[in-house]
Amino acid sequence: GIQVEQSPPDLILQEGANSTLRCNFSDSVNNLQWFHQNPWGQLINLFYIPSGTKQNGRLSATTVATERYSLLYISSSQTTDSGVYFCAAPGGSSNTGKLIFGQGTTLQVKP
Amino acid sequence: EPEVTQTPSHQVTQMGQEVILRCVPISNHLYFYWYRQILGQKVEFLVSFYNNEISEKSEIFDDQFSVERPDGSNFTLKIRSTKLEDSAMYFCASTSPETVEQYFGPGTRLTVT
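All of these numbers come straight from a predicted model, not from anything done at the bench.

Undergrad: Help me understand the overall build of chain B, please; the structure alone is not making it clear to me.
TA: On a plain count of helices and strands, chain B comes out with zero helices and 11 strands. When its helices and strands are written in sequence order, chain B yields β-β-β-β-β-β-β-β-β-β-β. A compact globule built from 113 residues would reach a C-alpha radius of gyration of about 13 Å, and chain B, at 13 Å, matches this within 12%. Along the first, second and third principal axes, the C-alpha set of chain B runs to 40 × 25 × 25 Å. Taking all 113 residues of chain B together, 45% fall into the buried category. Taking all contacts inside chain B whose residues are at least 6 apart in sequence as the whole, residues at least 24 apart take part in 53%. Counting every atom, chain B has about 5,700 Å² of accessible surface; 45% of that belongs to carbon and sulfur. Averaging the coordinates of the 9 positive side-chain charges in chain B and doing the same for the 15 negative ones gives two points 6 Å apart.

So this is what it looks like as structure tokens:
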């Protein structure tokens, strides 16, 4: 099955700094999602981005499906950005099938 | 904005007891899922459900687990005889064929003592 790997595993930033999180996947995908897990454990949808670039406020994401990676950019980081960031891709050929999650990047933003 | 809801938010149970975790998916969604996350680990797929039957299940989803859509709104996960290793956060998710994007509920933290 597909393998999803994220880097770096941990990241510590000073408030206001920018960062890039990477997600590599082992097979071609037609769906890619980014999530933020907040300190209460909730999974918040950030982006559904099978290809191309999307922006939402200080966050943006780019997926290059042909090269099997996706990037999540966080600009002007805030303490509320802290938490774990997961990417997830379909585990089979169906878009409506299971998602396979990466191990996550744990981000700590210091004031 | 519509959202997936889950109850309870936290459940503590004794080993060997049955638990039922409840989810209300987004109303026009047709595909439903359960995932779990053991503390400090990644999110793992358990089961997917469509048209009133299981469409896929993982090796974790053994005979101790079952799912049901008892009415038009609820989607439940039952663990028949809980084990210590069932302690985890359980997430319900749903999607529609049009959007494909999976939306997750806030999770139920299950603690087995």
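Now that the structure is up, let's keep going.
Undergrad: Looking at this structure, how should I read the interface of chain A and chain B?
TA: Accessible area lost upon the coming together of the parts is a frequently used measure of interface size. Facing 19 residues of chain A, the contacting portion of chain B comprises 21 residues. When chain A packs against chain B, close to 1,700 Å² is buried across both sides, 56% of that on carbon and sulfur atoms. Taken as a group, Thr96(A), Lys98(A) and Phe101(A) account for 32% of the area that chain A buries against chain B, more than any other trio of residues on that side. If you look at where chain A meets chain B, you find one salt bridge. As a salt-bridge pair, Glu56(B) and Lys98(A) come within 3.1 Å of each other at their nearest N and O atoms. At the junction of chain A and chain B, the tally comes to seven residue pairs in polar contact (both at pLDDT 80 or more). Of all the elements in the fold, those that place two or more residues in the side of chain A that touches chain B are β4 (33-37), β5 (43-48) and β10 (99-101) of chain A. When grouped by side-chain class, the residues that make up the side of chain A that touches chain B number seven nonpolar, 11 polar and one charged.

Undergrad: In this structure, what is going on with the sheet that holds strand β7 (residues 65-68) of chain B? I would like to understand it.
TA: Residues and elements named next belong to chain B. Taken together, the four strands give an open sheet; going across it, the order is β1-β3-β8-β7, and neighbouring strands pair in antiparallel fashion. The outermost strands of the open sheet, each flanked by one partner alone, are β1 (5-7) and β7. Strand-to-strand, the axes of this sheet are offset by a mean angle of 20 degrees, without reference to chain direction. Bridging between β7 and strand β8 (residues 75-79) involves four bridges; their strand directions are antiparallel. Pairing of Ser66 across the sheet is with Lys78, part of β8.

Undergrad: What's the story with the pairing of strand β6 (residues 53-57) of chain B in this structure? I'm lost.
TA: Side chains on a regular strand alternate between the two faces of the sheet. Examined bridge by bridge, strand β5 (residues 44-50) of chain B and β6(B) share four bridges and lie antiparallel to one another. Counterpart to Phe49(B) in the pairing with β6(B) is Ile54(B).

Undergrad: Is there a simple way to think about the pattern of salt bridges in this case?
TA: Should the charged atoms of two oppositely charged side chains come close, the side chains can pair. Residues and elements named next belong to chain A. A full pass over the atoms with the stated rule returns three salt bridges over all chains. In this structure, the salt-bridge partner of Arg58 is Asp81, at a minimum N-O distance of 2.9 Å. Highlighted residues: Arg58 in the loop between β6 (52-56) and β7 (59-64) and Asp81 in the loop between β8 (69-74) and β9 (83-90), separated in sequence by 23 residues.

Undergrad: Would you mind showing me how to read the confidence of the model for chain A here?
TA: Should the pLDDT be low somewhere, the predicted coordinates at that spot are not to be read in detail. Put simply, chain A has an average pLDDT of 94, and 100% of its residues get 70 or more. Per-element confidence in chain A ranges from a low mean pLDDT of 94 for β5(A) to a high of 98 for β8(A).

Definitions and cut-offs
Every chain is numbered on its own, with residues counted from 1 as its sequence reads. Note on labels: chains are lettered from A, ligands numbered from 1, in written order. Local features in this predicted model are restricted to residues whose pLDDT is 70 or higher, and side-chain atom pairs enter the listing and the counts only when it is 80 or higher, whereas totals over whole chains, interfaces and linings include all residues. For the side-chain quantities, the full set of heavy atoms in the structure was used; hydrogens and water were omitted. Strands are runs of DSSP state E lasting at least two residues, helices are runs of H or I lasting at least four, and both sets are numbered from the N terminus onward. Only C-alpha atoms enter the radius of gyration, while the globule expectation follows 2.2 Å times N to the 0.38, with N the number of residues. Exposure categories follow from relative accessible area, calculated using a 1.4 Å probe and restricted to protein chains: below 20% of the type maximum is buried, above 50% is exposed, and the middle band is partly exposed. Contacts are residue-level and defined by heavy atoms, with any inter-residue pair within 4.5 Å sufficient. Under the convention used here, a 1.4 Å probe and the Shrake-Rupley method define accessible areas, while residue burial counts only the protein chains that appear. For this count, His and the chain ends are skipped, Lys and Arg are scored as positive, and Asp and Glu as negative. In this description, the location of a charge corresponds to atom NZ of lysine, CZ of arginine, CG of aspartate or CD of glutamate. Once two parts are put together, the accessible area they lose, assessed with a 1.4 Å probe and summed over both, is termed the buried area. Take a side-chain nitrogen of Lys or Arg and a carboxyl oxygen of Asp or Glu: if they are within 4 Å of each other, that pair is a salt bridge. Two N or O atoms form a polar contact when they lie within 3.5 Å of each other; inside protein one atom must be a possible hydrogen donor and the other a possible acceptor, and for residues adjacent in sequence the pair counts only when both atoms belong to side chains. Residue polarity is assigned by list, with Asp, Glu, Lys and Arg as charged and Ala, Val, Leu, Ile, Met, Phe, Trp, Tyr, Cys and Pro as nonpolar; anything else, Gly included, falls into the polar class. Only when DSSP finds a minimum of two bridges between them are two strands counted as paired. Helix axes are fitted only over the stretch in contact, all axes being lines through C-alpha atoms; the angle between N-to-C directions runs from 0 to 180 degrees. For every residue, the predictor assigns a confidence score, pLDDT, that lies between 0 and 100.

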